[in-house]
Amino acid sequence: AKAFNEQINREYYSAFLYLAMSAWLNEQDLPGAAKWMYVQYQEELVHAQGLVKYLMLRGDKVDLMPIEAPKKEWTSPLNAFEEALEHERQVTKWIDDLAKMAEEEGDRAARLFLDWYILEQVEEEANGEENVVLWGRAGDAPSGIMMLDVHYGQRGFSPDEIPHLD
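Residues numbered from 1 in each chain as written. Predicted model: local features only at pLDDT ≥ 70, side-chain atom pairs only at ≥ 80, totals over all residues. Heavy atoms only, no water.

Turning to the overall build of the protein chain, a few remarks are in order. When you go through the protein chain residue by residue, the secondary structure sums to five helices and zero strands. Element order for the protein chain, N to C, with α for helix and β for strand: α-α-α-α-α. What you see for the protein chain is a C-alpha radius of gyration of 17 Å, in line with the 15 Å of a compact globule of 166 residues. Judged by the C-alpha coordinates and their principal axes, the protein chain covers about 55 × 25 × 25 Å. Across the 166 residues in the protein chain, those meeting the buried criterion constitute 45%. Carbon and sulfur atoms make up 54% of the accessible area of the protein chain, which amounts to about 9200 Å² in all. (Helix = DSSP H or I, 4+ residues; strand = E, 2+ residues; numbered from the N terminus. Rg over C-alpha atoms; globule rule 2.2 N^0.38 Å. Buried < 20%, exposed > 50% of the residue type's maximum accessible area, 1.4 Å probe, protein only. Areas by Shrake-Rupley, 256 points an atom, 1.4 Å probe, with all protein chains shown as cover.)

What follows is the structure, encoded as structure tokens:
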């Protein structure tokens, strides 16, 4: 339960990080990229809530801790997306560590529950890698940045359905 509570805190931090990135991108007149990051913010909230629901189903205590304030500025859109990718790689490590702990403790229910998060991280890293490639290709070209921003603005939010929680 302690490790799950720590991951809940990390997921809420992730949400705040993406919200900060969204606000910064909006300040840079990139509403599409800002929207993309805002959708990430919404997804991270769902991920945190899934962990909360899991603990509640198990009858474990939910211990919400203070959330560290995220960084607020980046040097470029590419820099923001690079840092988002690095953050997702760290989240993958944390989820993997949590799954290993569940295995070591023989908690099969926790281990099975975490499978969804493990697969979600594969998607998050793949998206992050694609983002870095695309923003890197756009470089400083205004037309490339504008086209990419329009593309990113088409992303919508559809809440993830984490299995076995309803």
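Picking up after the structure, the text goes on.
Inspection of every chain in the model, using the stated rule, returns nine salt bridges. Where Lys2 meets Glu6, a salt bridge forms, and the shortest distance between an N and an O atom there is 3.2 Å. You can see Lys2 and its partner Glu6 sitting in helix H1 (residues 2-27), four residues apart, about one turn around the helix. The exposure class assigned to Lys2 is exposed, which follows from its relative accessible area of 64%. The salt bridge partner of Arg155 is Glu43, with a shortest N-O separation of 3.1 Å. In this pair, Arg155 is assigned in the segment after helix H5 (142-152) and Glu43 in helix H2 (residues 31-58), connecting sequence segments 112 residues apart. The exposure class of Glu43 is buried, given its relative accessible area of 11%. Each of Glu86, Arg89 and Glu129 takes part in one network of salt bridges that share partners. (Salt bridge = Lys/Arg side-chain N within 4 Å of Asp/Glu carboxyl O.)

Applying the stated criterion across every chain yields a total of one cavity of 30 Å³ or more. Looking at the largest cavity, its volume works out to about 50 Å³. Residue lining of the largest cavity: Tyr18, Trp36, Gln40, Phe81, Ala84, Glu88, Glu124, Asn127, Gly128 and Asn131, and that is the complete set. Looking at the lining of the largest cavity, the elements that each hand over two or more residues are H2, helix H3 (77-104) and helix H4 (108-138). Here the element with the most residues in the lining of the largest cavity is H4; it accounts for four residues. Considering only residue class, the lining of the largest cavity consists of four nonpolar, four polar and two charged. (1 Å grid on protein atoms, 1.4 Å probe; cavity = no way out; pocket = protein on both sides within 12 Å on 5 of 7 lines; lining within 4 Å. Points joined across faces, edges and corners; volume = space filled by probe spheres on them. Nonpolar A, V, L, I, M, F, W, Y, C, P; charged D, E, K, R; others polar.)

Attention now moves to H2. In this model H2 runs 41 Å from its N-terminal to its C-terminal C-alpha over 28 residues, within 8% of the 40 Å that 1.5 Å per residue would give. Just past H2, the residue Gly59 takes up positive phi, approximately 80°. (Expected span 1.5 Å × (residues − 1).)

Moving on, we come to H5. The complete set of buried residues in H5 reads Ile145, Leu148, Asp149 and Tyr152. Viewed along the axis of H5, the buried residues span an arc of 105°, placing them on a single side of the element. In H5, the exposed positions that point more than 90 degrees away from the buried face belong to Ser143, Met146, Met147 and Val150. In this structure, the buried residues of H5 make contact with H2, H3 and H4. (Arc of directions from axis to C-beta. Contact = heavy atoms within 4.5 Å.)

Take the nonpolar core next. A general feature of soluble globular proteins is that nonpolar side chains tend to end up buried together. Ranked by size, the top nonpolar core spans 46 residues in total, and within it Phe4, Leu25, Met37, Phe81, Phe113 and Tyr117 carry the most contacts. At the level of elements, H1, H2, H3, H4 and H5 are the ones that each hand at least two residues to this core. Residues within four places of Phe4 in sequence aside, it is in contact with Leu51, Tyr54, Leu55, Leu98, Ala110, Phe113 and Leu114. (Core = buried A, V, L, I, M, F, W, Y, C linked by side-chain atoms within 4.5 Å.)

Within the structure shown, the criterion is met by 12 aromatic pairs. Between Trp36 and Tyr152 the ring centres are 5.8 Å apart and the planes differ by 50°, which places this aromatic pair in the tilted class. Here the residue Trp36 occupies a position in helix H2, and Tyr152 occupies one in helix H5, the gap between them amounting to 116 residues. Since its relative accessible area comes to 10%, Trp36 is described here as buried. (Phe/Tyr/Trp six-rings, centres within 6.5 Å; stacked < 30°, edge-to-face > 60°.)

Without other data, these values stay purely geometric and don't point to any function.
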